[in-house]
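Each chain, written out:
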Amino acid sequence: MTPRPLIPQHLTPGAFAPYGEVLDVPEQPGRLYYERTLASHRAHAWPSLSLSCKDPHPGGPLRVRQMERHAFSSQSFVPLGPVRWLVLVAPHAAAGGPDMTRAAAFIAAPGQGVTYGADVWHHPLTVLDAPGRFAVMMWRDGTEGDEEFVDVTPFDLMFD
Ligand code: NI
């Protein structure tokens, strides 16, 4: 079923709360802890920190065809530069997979990161405007349980 037209919203902690945490750097000197949604559900998995650089979406509508999840681990994206990027998430469908009819789309402001909660369906990292560099934190065990991709009914996501 093709989801209703999905209009990406500004990313806010309240709106994103069902899916994880928004990582906002303090405006003033100080430290904010974002620990609520960090999770690893496999005792043998190891903490994994990677650095990722992604070319931007070339502009125009984004054709959404796939979603993914990390069933046993949260995944944090900490931007290392000021780019906007897409945060597209969806709840679980009763039949399994993401329920794209209830998907939520956000545009992360330059410098905003997120932690996707464990087992949260999300779109692969999609950067806007310019190449984006991120630190990515999760737990892995090197098996196929680390990441699962599923095809969804393709639809176009428009950005301003
Ligand atoms: Ni992911």
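This text goes with the structure placed above it.
Residue numbers restart at each chain and count upward from 1, following the sequence in its written direction. Only residues with pLDDT of at least 70 get local features here, since the model is predicted, and only at 80 or more are side-chain atom pairs given and counted; chain-wide, interface and lining totals rely on the full set of residues. Neither water nor hydrogens contribute to the side-chain values; these are computed over all heavy atoms in the structure.

> How would you sum up the coordination of the nickel ion? Please name residues and give values.
Donor atoms are limited to N, O and S found within 2.8 Å of the metal ion, a distance that becomes 3.2 Å for Na, K and Ca. With water left out, some sites might look partial. Only Glu68 (OE), His70 (NE2), Gln75 (OE1) and His122 (NE2) from the protein reach the nickel ion as donors, at distances of 2.0 to 2.5 Å. In these descriptions, tetrahedral denotes four donors with every angle between 85 and 135 degrees, square planar four donors and octahedral six donors with opposite donors over 155 degrees apart and the rest between 65 and 115, and irregular any other case. Each of the 4 donor atoms around the nickel ion contributes to a set of angles spanning 80 to 162 degrees, which defines the coordination as irregular. Along the chain, the residues donating to the nickel ion fall in the pattern E-x1-H-x4-Q-x46-H. Note on Glu68: relative accessible area 5%, which makes it buried. Burial classes: relative accessible area under 20% of the type maximum marks a residue as buried, over 50% as exposed, and values in between as partly exposed (1.4 Å probe, protein chains only).

> With reference to specific residues and values, describe the sheet that holds strand β11 (residues 132-140).
At least two DSSP bridges between two strands are required for those strands to pair. Secondary structure is summarised from DSSP: a helix means a run of H or I of at least four residues, a strand means a run of E of at least two, and numbering begins at the N terminus for each. Pairing in this open sheet of 5 strands is antiparallel, and the strands run β2-β8-β5-β11-β3 from one edge to the other. In this open sheet, the two edge strands, each paired with only one partner strand, are β2 (20-23) and β3 (46-54). The mean angle between the axes of side-by-side strands here comes to 15 degrees, regardless of whether they run parallel or antiparallel. Think of each axis as a best-fit line through the C-alpha atoms, taken over the contacting stretch in the case of a helix, with angles from 0 to 180 degrees between the N-to-C directions.

> Please provide a residue-by-residue account of the nonpolar core, values included.
What makes a nonpolar core is a set of buried Ala, Val, Leu, Ile, Met, Phe, Trp, Tyr and Cys residues whose side-chain atoms join them at distances within 4.5 Å. One finds Leu11, Phe16, Trp85, Val87, Val89, Tyr116 and Phe134 to be the most contacted residues of the largest nonpolar core, which totals 19 residues. By definition, residues are in contact when any of their heavy atoms lie within 4.5 Å. In this view, Phe16 contacts Leu11, Glu21, Val22, Val87, Val89, Phe106, Val114, Thr115 and Tyr116; residues no more than four positions away in its chain are not counted.

> Help me get a handle on the side chain of His123, residues and values and all.
Tracing the chain through its elements places His123 in the loop between β9 (121-122) and β10 (126-127). For His123, a relative accessible area of 9% gives the class buried. Contacts described as polar in this section are N or O atom pairs within 3.5 Å, which, within protein, must combine one atom able to donate a hydrogen with one able to accept it, while residues neighboring in sequence count only if both atoms come from side chains. Within the local environment of His123, its side chain forms a polar contact with the side chain of Thr126, the two groups lying 3.0 Å apart.

> I'd like a description of the environment of Pro18, backed by residues and values.
Take Pro18: it is sitting in the loop between α1 (13-16) and β2. Exposure remark for Pro18: the relative accessible area of 64% places this residue in the exposed category. Residues Pro18 and Glu148, spaced 130 residues apart in sequence, show a C-alpha to C-alpha distance of 20 Å.

> Give a detailed account of a nonpolar patch on the surface, specifying residues and quantitative values.
Patches here are clusters of residues that have more than 30% relative accessible area and form no salt bridge, with a 9 Å joining cutoff for like charges and a 5 Å cutoff for nonpolar side chains (Val, Leu, Ile, Met, Phe, Trp, Tyr). Only the protein chains shown count as covering a residue, and every accessible area follows the Shrake-Rupley method with a 1.4 Å probe. For this analysis, a salt bridge means a side-chain nitrogen from Lys or Arg found within 4 Å of a carboxyl oxygen belonging to Asp or Glu. A surface patch of nonpolar side chains, amounting to about 300 Å² of accessible area, comprises Leu51, Val78 and Leu80. Structurally, Leu80 is set in the loop between β5 (75-79) and β6 (85-90).

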